[in-house]
Amino acid sequence: MDRVLGEVLRAAVWDRLHSLEEVANCADDDSVLVVVRSELPRLVAGWRAVLADHSPDIRGHCPACSSFWRPWVAPCTVWLSAYKHLVYAESLSSEQFEESAASRS
Ligand SMILES: [Zn+2]
């Protein structure tokens with residue numbers, strides 16, 4: 001993928017995430033419900049597709065993150081990020097999660 005196309009894709013994804021965040025933070029409850037029902041299944045499907053690409057092979061290596069010279073033992077950063085945002089974050093309030101994320105970066 002060339003650099004320009006990569007920049008366009010990244011900008012489109014960041015814009016989409018920003019607009020979803022705006023709906024969650026600013027829209028009325030009925031609008032949020034409509035957006036959640038349409039977007040949540042797509043987000044779940046997207047996470048599943050990404051995680052499937054990063055599922056360990058029979059040797060326990062991530063096929064997407066590994067190279068011929070450098071195997072990456074699972075779980076890779078994608079799975080760790082998924083755990084952090086989908087499981088660990090569930091156990092914290094949004095304020096606690098933001099504080100936790102800020103302290104680790
Ligand atoms: Zn990976």
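Predicted, not measured: the structure shown is a model, and the values here were computed from it.

Caption draft 1: Looking closely at the side chain of histidine 61. Examined against the element boundaries, histidine 61 turns out to sit in the loop between α2 (29-53) and α3 (77-88). What makes histidine 61 buried here is its relative accessible area of 18%. Not counting residues within four places of it along the chain, the set of residues in contact with histidine 61 comprises Ser55, Pro56, Ser66, Pro71, Trp72, Val73 and Ala74.

Caption draft 2: Structural detail: unusual backbone geometry. Here the residue pair alanine 74 and proline 75 is connected by a cis peptide bond, since its omega of 0° sits within 30 degrees of zero. Turning to its location among the elements, proline 75 is positioned in the loop between α2 and α3.

Caption draft 3: Seen up close, the packing of α2 against α3. Contact geometry of α2 with α3 gives a least axis separation of 9 Å together with a crossing angle of 150°. When you trace α2 past α3, the crossing you get is left-handed. Taken together, the residues of α3 that come into contact with α2 (itself represented by Trp47, Val50 and Leu51) are Val78, Trp79, Ser81, Ala82 and Leu86. Class assignment of the residues belonging to the contact of α2 with α3 gives a composition of seven nonpolar, one polar and no charged.

Caption draft 4: Summary view of the coordination of the zinc ion. Around the zinc ion, the protein contributes the donor atoms His54 (ND1), Cys62 (SG), Cys65 (SG) and Cys76 (SG), which lie 2.1 to 2.3 Å from the metal centre. With four donor atoms in place around the zinc ion and angles of 103 to 117° between them, the coordination shape is tetrahedral. For the zinc ion, all donor residues lie on one chain, and their spacing in sequence is H-x7-C-x2-C-x10-C. Separated by 22 residues along the polypeptide, histidine 54 in the loop between α2 and α3 and cysteine 76 in the loop between α2 and α3 bring together distant segments of the chain. On the accessibility criterion, cysteine 76 (1% relative accessible area) is buried.

What counts and how
- Residues numbered from 1 in each chain as written.
- Predicted model: local features only at pLDDT ≥ 70, side-chain atom pairs only at ≥ 80, totals over all residues.
- Heavy atoms only, no water.
- Helix = DSSP H or I, 4+ residues; strand = E, 2+ residues; numbered from the N terminus.
- Buried < 20%, exposed > 50% of the residue type's maximum accessible area, 1.4 Å probe, protein only.
- Contact = heavy atoms within 4.5 Å.
- Axes fitted to C-alpha atoms, helices over the stretch in contact; angles between N-to-C directions.
- Left-handed = near helix turned anticlockwise from the far one by under 90°.
- Nonpolar A, V, L, I, M, F, W, Y, C, P; charged D, E, K, R; others polar.
- Donors = N, O, S within 2.8 Å, 3.2 Å for Na, K, Ca; no water.
- Tetrahedral: all angles 85-135°; square planar, octahedral: opposite > 155°, others 65-115°.

That's the geometry; what it means functionally is another story.
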